[in-house]
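Remarks on the overall topology
If you want the building blocks of each chain, they are given just below.
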Amino acid sequence: MASPISTEKHGNVLVISSDNPPVNALGQAVREGLKNGIEQAASDNEIEAVVIRCDGRTFFAGADITEFGKAPKGPSLPEVCDAIEASEKPVVAAIHGTALGGGCEIALACHYRVAVPSAKLGLPEVKLGLIPGAAGTQRLPRLVGAEAALPLVVMGNPIPAKKAQAIGLVDELVGEGSLAQDAAEFARSKVGADIPRTSEMTNNQDGVKNPDLFDEFRAKNGRKLRGFDAPNAGIEAVKAAGEMAFEDGVKKERELFAKLMGGTQSAAMRHYFFAERAANKIDDVPADTPLIDVKKVGIIGAGTMGGGIAMNFLSAGIPVTILEMKQDALDRGTGTMRKNYENTAKRGRMTEEQVEGAMGLLTPTLEYDDLADCDLVIEAVYENMDVKKEVFAKLDEVVKDGAILASNTSYLDIDEIATATDRPGYVIGLHFFSPANVMKLLEVVRGEKTRDDVLATAMKLSKKIGKVAAVSGVCPGFIGNRMLSKRQEQANQLILEGANYWEVDEVLLDFGFPMGPFQMGDLAGLDIGWHRDPSKVTTVREALCAKGRFGQKAGKGFYDYDDARQRTPSDEVKQIIADFAEKEGNAQRDISKDEIRERLLYPMVNEGAKILEEGMAQRASDIDVVWINGYGWPLYTGGPMFWADTVGLDTVVAGLEKHGLPVSDYLRAKAQKGERLT
Ligand code: 3HC
């Protein structure tokens, strides 16, 4: 097989090019070719400098993740980096696209780095539960200082080339169209000069002079990093870079890297990396399905949901017409959207110009006819089948042929909604999560008659508006809420049997969820859907509402809240629950945290298995994508399906049986055969 690496002489400069689509991952053949290229440069007397560059859409985007966990072949990435750095002839990295992970480490091993302004550089290994493993944690701080290196290594977010230049990671920005020539020229200009080797630099002494730097960084970012192993290892490695000789620091990095690579967190996060990409593919819809051009979007409803949905499209530069029934509701809705944008601008994440640009794409209206020329209309009205059908019948009348009609319903039957139209093939569910301008997940609900091009367009569009999409079949609550309802059933039951509600929340917090079910209830408002009759009490929730305990907004719900919204468990509520349980004939007992955890989570796994059995999700990993992005399931466990595989399906089945809970045939069969869900 031809090598993905080729070399070409441009006078006294050897240009080493990689062509390994799609992202020039540093697989075995690439590493081998790079090492050979450096050897060729060393042995050719006509060559005085070297450029390393890539064809295609990007500079090396990292190690080849598909090789992880397999026996290493050919030169390792650290060996290749060392060979580059040891070159006696200056080596320049010519960067475009994304120089990530191992790609950034190659660039760090080069003696100079030039980049086009649109390029990004970063060390995203933490997002795979790892730290850089080719001396990135040792070379980067030596080049840019510990303080500048920490966010790159520990948070893993890439930075634009201009910022990289400002911190000293990039030496020179060059023209977008002339990277190869400019890099060769730059390399030529360095012939004869002393060679700067990153491993010999000492800019990392800032962390030695001020060792508090590391604890301060940890304290500042603690909440975001809660539960993850890799970020702490990253801090340790950057700290070691200041305290140790390069070779010892590299050894330390290697130890930390190997430990993380062998752990479950990294396996889970690598599973998630591929899960997210797989979720975008629909098995029975060809990849080349022609798409519907969505140039203009209509939204029905300017409430919290409709407004949030609209913002996604506006932010992506797609014009939106938003419809309400009354002028004051329309004004309120558009006012909230503007306020949200302005708050983002205040936090420096948007310019005033961008705010005006987004709002300038919005057309508020009270007339259905104004939606006529939209290519996609999404309704976000009240969750009621009759109301939804009425809206769809109206849309079918006014909106042009060939346009997609979508519902944001979170549990209603899309197929039934589609019967209100003469174009059921163009009807689809687009279930956004609240707040819709923030939450990553988009559950795309495929109706029985939904056309391939409609589905393919929805998937493509989701990427354009920055969402992570997963497809669900039509079933009550789809993937996410269907599984949530099983958890909620158990949570409600557990407190009637004697578990403290705050312990139920704590179990989920300890597991890694951002909040538990009772905190969530308080936040959303316990009076949502309440019949408002204090004398009619059939659930604990109604009992709390009868006492005016509506949740956070009332200062009391399941918890009591102080002015700073700090929560404390309430004795009154504990009594209300005990009284209600007694009335219902529930005996109270002590319930262990293990039992609470098993009863909350195992039924979700069982429901996920049923969803798979019924073909409502294409693959187990799609369920993980839904739960991680829509419900705060901790990423480092890989999602409910991957987590169940880690725990062992036989353990899950045994747990369900122990607690007298149902076990689906599908889950039982998988467990008996020793198979996995993912
Ligand atoms: N290894 C193997 N495959 C990779 C890959 C990698 N590092 N990066 C991307 N791919 C694959 C994807 O799985 C996808 O495959 P598919 O088409 O079969 O689904 C394809 O390349 C295209 O990727 P995306 O769909 O993600 O393309 P985008 O254009 O949206 O994004 C990207 C491009 C920003 C480069 C993104 O793919 C990305 O973030 N990649 C991962 C980068 C990364 O984590 N690098 C660090 C790796 S770990 C490492 O380097 C360890 C070292 O320190 C020793």
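Residues numbered from 1 in each chain as written. Predicted model: local features only at pLDDT ≥ 70, side-chain atom pairs only at ≥ 80, totals over all residues. Heavy atoms only, no water.

Counting its regular elements, the protein contains 28 helices and 19 strands. For a compact globule of 678 residues, the expected C-alpha radius of gyration is about 26 Å, and the protein comes in at 28 Å, within 12% of that figure. For the C-alpha atoms alone, the extent of the protein along its principal axes is close to 90 × 60 × 55 Å. Counting over 678 residues, the protein shows a buried share of 55%. Counting only contacts in the protein whose residues sit at least 6 apart along the sequence, the fraction spanning at least 24 positions is 72%. For the protein, the exposed area adds up to about 29,500 Å²; of that, 50% sits on carbon and sulfur atoms. Computed over 79 positive and 99 negative side-chain charges, the separation of the two mean positions in the protein equals 1 Å. (Helix = DSSP H or I, 4+ residues; strand = E, 2+ residues; numbered from the N terminus. Rg over C-alpha atoms; globule rule 2.2 N^0.38 Å. Buried < 20%, exposed > 50% of the residue type's maximum accessible area, 1.4 Å probe, protein only. Contact = heavy atoms within 4.5 Å. Areas by Shrake-Rupley, 256 points an atom, 1.4 Å probe, with all protein chains shown as cover. Lys, Arg positive; Asp, Glu negative; His and termini not counted. Charge placed at Lys NZ, Arg CZ, Asp CG, Glu CD.)

In this section: the site of the ligand. Around the ligand, the structure places 25 residues, and the nearest of them are Arg57, Glu105, Glu125, Arg277 and Lys281. With respect to the ligand, the backbone of Ala63 contributes an N or O atom lying 2.8 Å from a nitrogen atom. Listed by contribution, the elements that provide at least two residues to the shell around the ligand are strand E5 (98-100), helix H3 (102-109) and helix H12 (264-279). With three residues, H12 is the single largest residue contributor to the shell around the ligand. A class-by-class count of the residues in the shell around the ligand yields 13 nonpolar, five polar and seven charged. (Near = heavy atom within 4 Å. Polar contact = N/O pair within 3.5 Å; in protein donor to acceptor, adjacent residues only side chain to side chain. Nonpolar A, V, L, I, M, F, W, Y, C, P; charged D, E, K, R; others polar.)

A few words on the domain arrangement of the protein. By the assigned domains, the protein splits into domain 1 (5-262), domain 2 (297-479), domain 3 (500-584) and domain 4 (593-672). Placing the centre of domain 2 and that of domain 3 at their C-alpha centroids yields a distance of 32 Å. (Domains from an automatic or database assignment.)

Residues Arg57, Arg277, Lys281, Lys460 and Lys463 make up a contiguous surface patch of positive charge. The exposed category is assigned to Lys460, whose relative accessible area is 55%. (Patch = residues over 30% accessible without salt bridge, like charges linked within 9 Å, V, L, I, M, F, W, Y side chains within 5 Å. Salt bridge = Lys/Arg side-chain N within 4 Å of Asp/Glu carboxyl O.)

At their nearest, the axes of helix H26 (residues 640-647) and helix H27 (residues 649-658) sit 5 Å apart, and the two run at 95 degrees to each other. Between H26 and H27, the angle is such that the two are roughly perpendicular. Counted together, Ala644, Asp645 and Val647 of H26 and Leu649, Thr651 and Val652 of H27 form the full contact between these two elements. Per-class residue counts for the contact of H26 with H27 are four nonpolar, one polar and one charged. (Axes fitted to C-alpha atoms, helices over the stretch in contact; angles between N-to-C directions. Parallel < 35°, antiparallel > 145°, perpendicular 65-115°, else oblique.)

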